[in-house]
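Examining the three-dimensional arrangement
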Amino acid sequence: MLPGGFELSFQGMPLWIAGPAAALCAFAVWRYYRSLKAAEFQPAWLPAALRGAALALAVFLSAGPVVKFDVEREVSPRAAIVVDSSQSMMSKDGGAEERWARALGAAEEISRALGGKTTSFFIASDAVRPLASAEDARALRPVGPESFIAAAPDEIAKASDIPFTDIIILTDGRDTSGARPPALGGPRAHIVGFGSPLPSFNAGVSELSMPEYGFEGEEFEARGFVHVTNSSGGETFDVELHDGGARAAAATVKAPSGGGDARLPFTLSHKPSESGFRAMTVKIKAAAPDPAPEDDSRSAFVDVASARRRLLYIDAPRWESKFLGAFLSGLDATEADVLLIGPAGTFKGAELRRAAASARALSEYNLVVAGAAAPWMKPAERDALAEYAERGGRLIVLGGRNSLAGAGGRWKSSPLAPGSTAGDAAGFEVIPTPTGLSGPLLRLAESEADNRLIWKTLPFAQTFSRAEPPPGASVHAEHPWLNCGARRCPMIMDARWGRGRVLLFAFDGLWRWKFREREKDSAAYDRLMSNALTMMLETENPAPVRLFMSAREATLGATLSATAHVEPDALAEGETPVLSATAPGEPAVEIPMKPLEGRAGAFSAEFVPGRAGVHYFTASASGGASEPRPAAVHASPSEFRNPGSDEAFMKRMAELNGGTYFTEADAGNVAAAVKKGAARERASVKKSLWSMPALFALVAALLTVEWISRRRGGLV
Amino acid sequence: MRPKPPKAKAVSKYFCGFILAAALAVALAAAALRAAPPAAKPSDTGDKFYIAQLRYGGGGDWYDNRASMPRLQERLAREFGVFPGAERKIVRLADDDLFSYPVIFMSGHGNVSFAPEEVARLRAYFERGGFLWASDDYGMAPSLRRELKKVLPGQDYVELPFSHPIYQAPYRFPSGLPKIHEHDGGPPRGYALFLGDRMVFFADINTDIGDGLEAPSIHNDPPEVQEQAFRMAVNIVYFALSQ
């Protein structure tokens, strides 16, 4: 019987030559047989047969025969060692070392026992990442927000070309995706479990909410939940609100007597006594020991103002004022007065017109927003607004048809000159400039790509005013094709005006963005307007280095982006600023910032927080440093809700995949188990018969026997 | 019945396959278009101020009051300083450009009916800040009330008191709505619907403000009656703009 997968092929003499050659040999042998018979040699067939066989074998070998067949053999193990890098691996289980450090130690030991060359190393949380060795992982923190253990083997197969025979996963086994243990149908899966498999108690703070703004001496509320896992029933928890470092409020919540899991709501009231951007932290203190303290506190920021800021909005009754008026009136941090005037007179806020007529009265306002009412304002009112700005007031001008950008009098010397307005029924896109995209005003999404996409979807603007940017103005967006002086007409621009500052939206039609059907568009409008108000209400003289963080709050392990804007005279030649990041209870880490391409004075750096808590960031250059910017980093709730390991999951996954489950204490036996049950594989073997000396010896042997037989018959 | 020849069967099989493939391609393209964010594009209304007239289903004469909105737009330009559109804009609740019109107007004598997708769209329109003004030409009110209950379940018309700001500015109407046309007798009534504390719908019933805005030759209303209609219409639009 032929072996499995047997195949014969020829790679030497072509068959059309081999065929006639074989025929010629056969003819020669027949003639030889006839001559032996004529010589009455007995038996005549024997030398003929021997010579015929030798010739046939020679012809066969000269055709270059190659045989192929399958064999089964033992495979030396190729193992992927995967260490769970999710946040729950930070747990110490009551000991001195984190699960993460223990798992890395075990991984190194297994790798050594298997022989380093046959193992590959990975870390896995919500995604799988290959590493050169376990040593490389020691420089990292387990900050993955999820544990997708069931999916890890498939992810490894995608990430590596190596056909692994065994996958060894070192984990606490709690798959946060809710997946069941998978049957992989390929490599064996061995699991080493870390952490206690017993039901584990945990309590943490979740869903914390606070207002973004507050006022000195005015009370606000912080609301949230204490989540409790595996409660034995009736435990009490002290919940404390800390303003900066000081305890500001406290409450006690009690778990239900029945035990199990629970969400316990709390409300804490606080009356801040200091203004500023303040970190508020809610902490819980559980009566029972909590094995996962990482989620026991959560922080948020409240911008506490010394007084409510006042804002005057002047416009005509129109679609823009419908939406902007409603937005401004709905703000918590400001008190908006609305003055609506048109050709028929004053529609709303008649008493405000007295204030609008003098710069002194206008100085009561922190900000004035002026829309399309210029033709119906008295010259004295227009001049009062100009004087207000020149004396240090803040002004946002909406600059489409009937805007103040084209007004005469003192406005002729404004940074918005010449200010002629024009309509464009077909409309035009507003194009953000690189300066605009790198700054905080036009930032409507966390990521730069999302931000660019949002700006692409901005509805067309219709009317606009022409202004030539004065020296020192920042142009944030421009007209797609019209030039004002040497450059495209600015569509969003801010500039100093005397001691004050003016921000120009040189077009109409923003209301369309607010009124769009998608909630996202409306939110983008709100964010743009909030950014504009924040920008115009910030300090008079901006610092030489200004720092902006991509988010106020982030999950542990998520990347925080920092962008710094540095005034040219604050940087020495060839210097780049440095980002200083301070995690709670740790020394500051310094990260060099990289220049942003095409954006003069803008630099960026990224930071991945490895600890939960409030972090502070500062950008510094030789000419000064930015104000510290805080960011609250939270542990992933799904990772710490249940800090115990899921032994059933790990055992089942090992069982379904021909592997073995080991406890942390048995990790030293993993290498032996991998070697013992080494897999067998079928391999295809190819052999060329031409290069086998035995066959040539056989030819020689046949010819020798033939010669001997003739000699014994007396023919030689 | 004669069996189909094999070739015909094959052709029919290919045809069905082609139809299925085409349907799949259309569905995929539609899904892709839905998933993509809307790109910026010019608006139908440009830089002009329009109050669109609602074209609704159910058989009612939605198309009446042809000149009312263009004439009101002219009037609002004089009073508010907006740049008026000269023509009448008509919009259906399902139209893409519904959200180009923060205030829409409807009138008629007959039945009003909103399809389920129109009900959802009108609710979204209200939620985003839109305002619907219905001027009952006598007969439209009962069916409109029924349909609006689908849009804002659990809510019903609220009759506005004469002290309501809609009757106060810019023109004062101390006795509420002015009477423009007489059909069934009884005083004019103004009803509203609210989303939170924001008015999203106003109906003038038993008066027909919309007719009062028409060209004088249509209903032969005396100038002082027409003026009352215009003033009340200005108040309604002003309230929608300023609340």
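Presented here is an overview of the structure given in this document. (Residues numbered from 1 in each chain as written. Chains lettered and ligands numbered in written order. Predicted model: local features only at pLDDT ≥ 70, side-chain atom pairs only at ≥ 80, totals over all residues. Heavy atoms only, no water.)

So, on to the overall build of chain A. Scanning chain A from terminus to terminus reveals 17 helices and 38 strands. In chain A, buried positions account for 48% of the 716 residues. Considering only contacts within chain A whose residues lie at least 6 apart along the sequence, 70% involve residues at least 24 apart. For chain A, the accessible area works out to roughly 32400 Å², and carbon and sulfur atoms hold 53% of it. (Helix = DSSP H or I, 4+ residues; strand = E, 2+ residues; numbered from the N terminus. Buried < 20%, exposed > 50% of the residue type's maximum accessible area, 1.4 Å probe, protein only. Contact = heavy atoms within 4.5 Å. Areas by Shrake-Rupley, 256 points an atom, 1.4 Å probe, with all protein chains shown as cover.)

Quick look at the interface of chain A and chain B now. Counting residues at the interface gives 37 residues for chain A and 35 residues for chain B. Summed over both partners, the interface of chain A with chain B comes to about 3000 Å²; 59% of that surface belongs to carbon and sulfur atoms. Our count for the chain A to chain B interface comes out at 1 salt bridge. Between chain A and chain B we count 9 residue pairs in polar contact (both at pLDDT 80 or more) in total. Elements represented by at least two residues in the side of chain A that touches chain B include exactly helix 6 (319-329), strand 17 (334-342), strand 18 (345-348), strand 21 (418-428), helix 11 (448-456), strand 23 (461-467), helix 12 (510-515) and helix 13 (519-537) of chain A. (Buried area = accessible area lost by both parts, 1.4 Å probe. Salt bridge = Lys/Arg side-chain N within 4 Å of Asp/Glu carboxyl O. Polar contact = N/O pair within 3.5 Å; in protein donor to acceptor, adjacent residues only side chain to side chain.)

With that settled, consider the side chain of A:E478. Residues and elements named next belong to chain A. Structurally, the position occupied by E478 is in strand 24 (residues 474-484). Owing to a relative accessible area of 19%, E478 belongs among the buried residues under this scheme. Within the structure, the side chain of E478 is placed 3.2 Å from the side chain of R487, a separation counted as a polar contact. Look past the residues within four positions of E478 in its chain and what remains in contact with it is E429, V430, I431, T433, R487, R488, C489, P490 and M491.

Attention now moves to a nonpolar patch on the surface. A surface patch of nonpolar side chains, amounting to about 360 Å² of accessible area, comprises A:F6, A:L8, A:F10 and A:L15. One can find A:L15 in helix 1 (residues 15-38). (Patch = residues over 30% accessible without salt bridge, like charges linked within 9 Å, V, L, I, M, F, W, Y side chains within 5 Å.)

Strands sit in the order 27-29-33-32 (chain A) across an open sheet of 4 strands; the sheet is antiparallel. Of all the strands in the sheet, the pair left with one neighbour each is strand 27 (545-549) and strand 32 (594-595) of chain A. (Pairing = 2+ DSSP bridges.)

Time to look at the packing of helix 3 (residues 116-128) of chain B against helix 4 (residues 141-151) of chain B. Residue and element names in this part refer to chain B. It is at 9 Å that the axes of helix 3 and helix 4 come closest, and there the two elements cross at 75 degrees. On the basis of their axis angle, the class for helix 3 and helix 4 is roughly perpendicular. Along its contact with helix 3, which presents V119, L122, R123 and F126, the element helix 4 presents L148, K150 and V151. Across the contact of helix 3 with helix 4, the residue classes tally to 5 nonpolar, no polar and 2 charged. (Axes fitted to C-alpha atoms, helices over the stretch in contact; angles between N-to-C directions. Parallel < 35°, antiparallel > 145°, perpendicular 65-115°, else oblique. Nonpolar A, V, L, I, M, F, W, Y, C, P; charged D, E, K, R; others polar.)

Right, let's get into helix 2 (residues 45-62) of chain A. All names here are of chain A. With 18 residues, helix 2 should cover 26 Å at 1.5 Å per step; its first-to-last C-alpha distance of 25 Å lies within 8% of that length. For helix 2, the complete set of buried residues consists of P47, A48, L50, A54, L57, V59 and L61. Once helix 2 finishes, G64 follows within two positions and takes phi at roughly 70 degrees, a positive value. (Expected span 1.5 Å × (residues − 1).)

Here we take up the nonpolar core. Counting residues in hydrophobic clusters, the biggest one holds 150 residues, and the most contacted among them are A:L385, B:L72, B:F114, B:F126, B:W133 and B:F201. Considering every element that reaches this core, the biggest residue donor is helix 7 (residues 223-242) of chain B, with 12 residues. Beyond its immediate stretch of four places on either side in the chain, B:F114 contacts B:L54, B:Y56, B:L93, B:V119, B:L122, B:L144, B:E147, B:L148, B:K150 and B:V151. Counting 26 residues, the second largest nonpolar core, distinct from the first, contains A:M89, A:F662, A:A667 and A:A673. (Core = buried A, V, L, I, M, F, W, Y, C linked by side-chain atoms within 4.5 Å.)

As a further point, take the side chain of A:E706. Residue and element names in this part refer to chain A. With respect to the helices and strands, the residue E706 is situated in helix 17 (residues 693-712). Polar contacts involving the side chain of E706 include one to the side chain of R710, which spans 2.9 Å. Sequence-distant contacts of E706, defined by excluding residues within four places in its chain, comprise Y32, P47, L50 and R51.

Quick look at the packing of helix 6 of chain A against helix 13 of chain A now. All names here are of chain A. Close contact between helix 6 and helix 13 brings their axes to 11 Å; oriented N to C, the two are set at 65 degrees. At the point where helix 6 passes helix 13, the crossing takes the right-handed sense. Residues F323, L324, F327 and L328 of helix 6 form the contact with helix 13, whose participating residues are Y525, D526, M529, S530 and L533. In the contact of helix 6 with helix 13, the residues fall into 7 nonpolar, 1 polar and 1 charged. (Left-handed = near helix turned anticlockwise from the far one by under 90°.)

The next thing to look at is the sheet that holds strand 13 (residues 260-270) of chain A. Residues and elements named next belong to chain A. Pairing is antiparallel in the open sheet, where 3 strands are placed in the order 8-10-13. Strand pairing shows two members of the sheet lacking a second neighbour, strand 8 (202-209) and strand 13, which therefore form its edges. Mean inter-strand twist for the sheet, computed between neighbouring axes without regard to direction, equals 25 degrees. As judged from the 10 bridges shared by strand 10 (residues 220-231) and strand 13, these two strands associate in the antiparallel manner.

Another point: the pattern of salt bridges. It is possible for side chains bearing opposite charge to pair when their charged atoms get close. All names here are of chain A. Scanning the model with the defined rule gives 45 salt bridges over all chains in all. Between R516 and D521 there is a salt bridge whose closest N-O contact spans 3.8 Å. You'll find R516 and D521 in the same group, each marked buried. Linked by salt bridges that have partners in common, D93, R99, R102, D172 and E664 make up one network.

All names here are of chain A. In this structure the tally under the stated criterion is 1 disulfide over all chains. In this model C484 forms its disulfide with C489; the gap between the sulfur atoms is 2.0 Å. Measuring handedness by torsion sign, the sulfur bridge of C484 and C489 sits at about 90 degrees and is right-handed. One exposure class covers both C484 and C489, and it is buried. (Disulfide = S-S within 2.5 Å.)

Another point: helix 6 of chain A. Judged by how many residues are buried, helix 6 of chain A sits mostly within the fold: 9 of 11 residues are covered. Inspection of helix 6 of chain A places A:W319, A:E320, A:S321, A:K322, A:F323, A:L324, A:G325, A:F327 and A:L328 among the buried residues, and these make up the whole buried set.

It is worth spelling out the environment of B:G58 at this point. All names here are of chain B. You can see G58 is positioned in the loop between strand 1 (52-54) and helix 2 (68-80). For G58, a relative accessible area of 42% puts it in the partly exposed group. Taking the C-alpha atoms as reference points, G58 and N111, separated by 53 residues in sequence, lie 5.3 Å from one another. Apart from residues no more than four positions distant in its own chain, G58 is found in contact with N111, V112 and S113.

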